[in-house]
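Commentary on secondary and tertiary structure
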Amino acid sequence: AQKITQTQPGMFVQEKEAVTLDCTYDTSDQSYGLFWYKQPSSGEMIFLIYQGSYDEQNATEGRYSLNFQKARKSANLVISASQLGDSAMYFCAMREPNAGNMLTFGGGTRLMVKP
Amino acid sequence: DAGVIQSPRHEVTEMGQEVTLRCKPISGHNSLFWYRQTMMRGLELLIYFNNNVPIDDSGMPEDRFSAKMPNASFSTLKIQPSEPRDSAVYFCASSRQRNGYTFGSGTRLTVV
């Protein structure tokens, strides 16, 4: 079974609009961590935001916020005020201590920002 | 902080040749991960080390792949013999605490 599911292979958003990228996960651990990475066309993996399973508040980093709904096992990334430079692949990932703290990645969502 | 350093950035080799990819993790990071990224399979964990010791190599596709971490500042991923289906981007990442994983720029491998 998929540990991390990103159901949107590709998305368009108008510049300056907000966009939500979906991510659901599957784990039986009580303690885990959720990550979002951005991969622009240049190929590097850029860390965006982190949410711990015990964090009571949704994580925020500048224009990025994570809509964490623990009961639904979802960790959606919200990008506010989209910019052309936000066009990239976005990956959701999970760390499970019982799996040795490695990161398991979803299949990614390609976001395209329209001017 | 120079980040995670991978070399080479690009590698083109002929089928059957040996390929060695190199990684220098961030100083002080005690976990190191090797990932492979392809269009078909996405990002796959190949192997990871804690304190230079291999912990889980179940992602290594077959015996042609091997990885070493002789010390805290250096790791290699070797493919011998290489095959066209090994063509991918190989990422190295390091981590000190559970919350932080830093990726290198990757090595784009093409086996012809």
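The paragraphs below set out a description of the structure included in this document. (Residues numbered from 1 in each chain as written. Chains lettered and ligands numbered in written order. Predicted model: local features only at pLDDT ≥ 70, side-chain atom pairs only at ≥ 80, totals over all residues. Heavy atoms only, no water.)

What about the pairing of strand β6 (residues 53–56) of chain B?
All names here are of chain B. Pairing of strand β5 (residues 42–50) with β6 involves three bridges; the strand directions are antiparallel. Bridging from a neighbouring strand, Asn-50 pairs with Val-53 of β6. In sequence, β5 turns back onto β6 through a hairpin of two residues, with Asn-51 there showing a positive phi of about 50°. (Pairing = 2+ DSSP bridges. Helix = DSSP H or I, 4+ residues; strand = E, 2+ residues; numbered from the N terminus.)

Quick look at the interface of chain B and chain A
Each partner contributes to the interface: chain B provides eleven residues, whereas chain A provides 15 residues. Between chain B and chain A the total buried area reaches about 1400 Å² when both faces are included, carbon and sulfur atoms providing 57% of it. Remark: the boundary between chain B and chain A carries zero salt bridges. For the pair chain B and chain A, the number of links is three residue pairs in polar contact (both at pLDDT 80 or more). Counting residues per element, the ones that place at least two in the side of chain B that touches chain A are β4 (31–38), β5 and β10 (101–103) of chain B. Per-class residue counts for the side of chain B that touches chain A are eight nonpolar, two polar and one charged. (Contact = heavy atoms within 4.5 Å. Buried area = accessible area lost by both parts, 1.4 Å probe. Salt bridge = Lys/Arg side-chain N within 4 Å of Asp/Glu carboxyl O. Polar contact = N/O pair within 3.5 Å; in protein donor to acceptor, adjacent residues only side chain to side chain. Nonpolar A, V, L, I, M, F, W, Y, C, P; charged D, E, K, R; others polar.)

Topic: the layout of surface pockets
Its boundaries defined by the atoms lining it, the largest pocket holds a volume of some 580 Å³. If you go around the largest pocket, you meet 23 residues; those closest to its centre are Gln39(A), Gln37(B), Met39(B), Val89(B) and Arg108(B). Counting only elements with at least two residues in the lining of the largest pocket, the list comes to β10 (88–95) of chain A together with β4, β9 (88–95) and β11 (107–111) of chain B. The element best represented in the lining of the largest pocket is β10(A), accounting for three residues. Residue composition of the lining of the largest pocket, by class: seven nonpolar, 13 polar and three charged. Together, 24 residues line the second largest pocket, and Thr104(A), Phe105(A), Leu43(B), Glu44(B) and Leu45(B) are the ones closest to its centre. Elements supplying a minimum of two residues to the lining of the second largest pocket: β11 (103–105) of chain A together with β4 and β5 of chain B. Top contributing element to the lining of the second largest pocket by residue count: β5(B), with five residues. (1 Å grid on protein atoms, 1.4 Å probe; cavity = no way out; pocket = protein on both sides within 12 Å on 5 of 7 lines; lining within 4 Å. Points joined across faces, edges and corners; volume = space filled by probe spheres on them.)

Some thoughts on the state of the cysteines
Following the criterion strictly, the structure yields two disulfides over all chains and no others. Across the disulfide from Cys23(A) sits Cys92(A); the S-S distance is 2.0 Å. Its S-S torsion of approximately -65° makes the covalent link between Cys23(A) and Cys92(A) left-handed. Here Cys92(A) lies in strand β10 and Cys23(A) lies in the loop between β3 (19–21) and β4 (24–25), a separation of 69 residues in the sequence. The two residues Cys23(A) and Cys92(A) agree in class, both being buried. Bridging Cys23(B) to Cys92(B), the disulfide has an S-S length of 1.9 Å. Judged by the torsion about the S-S bond (-65°), the Cys23(B)/Cys92(B) disulfide is left-handed. Taken together, the residues span a long stretch of sequence, with Cys23(B) in strand β3 (residues 19–24) and Cys92(B) in strand β9 at a distance of 69 residues. (Disulfide = S-S within 2.5 Å. Buried < 20%, exposed > 50% of the residue type's maximum accessible area, 1.4 Å probe, protein only.)

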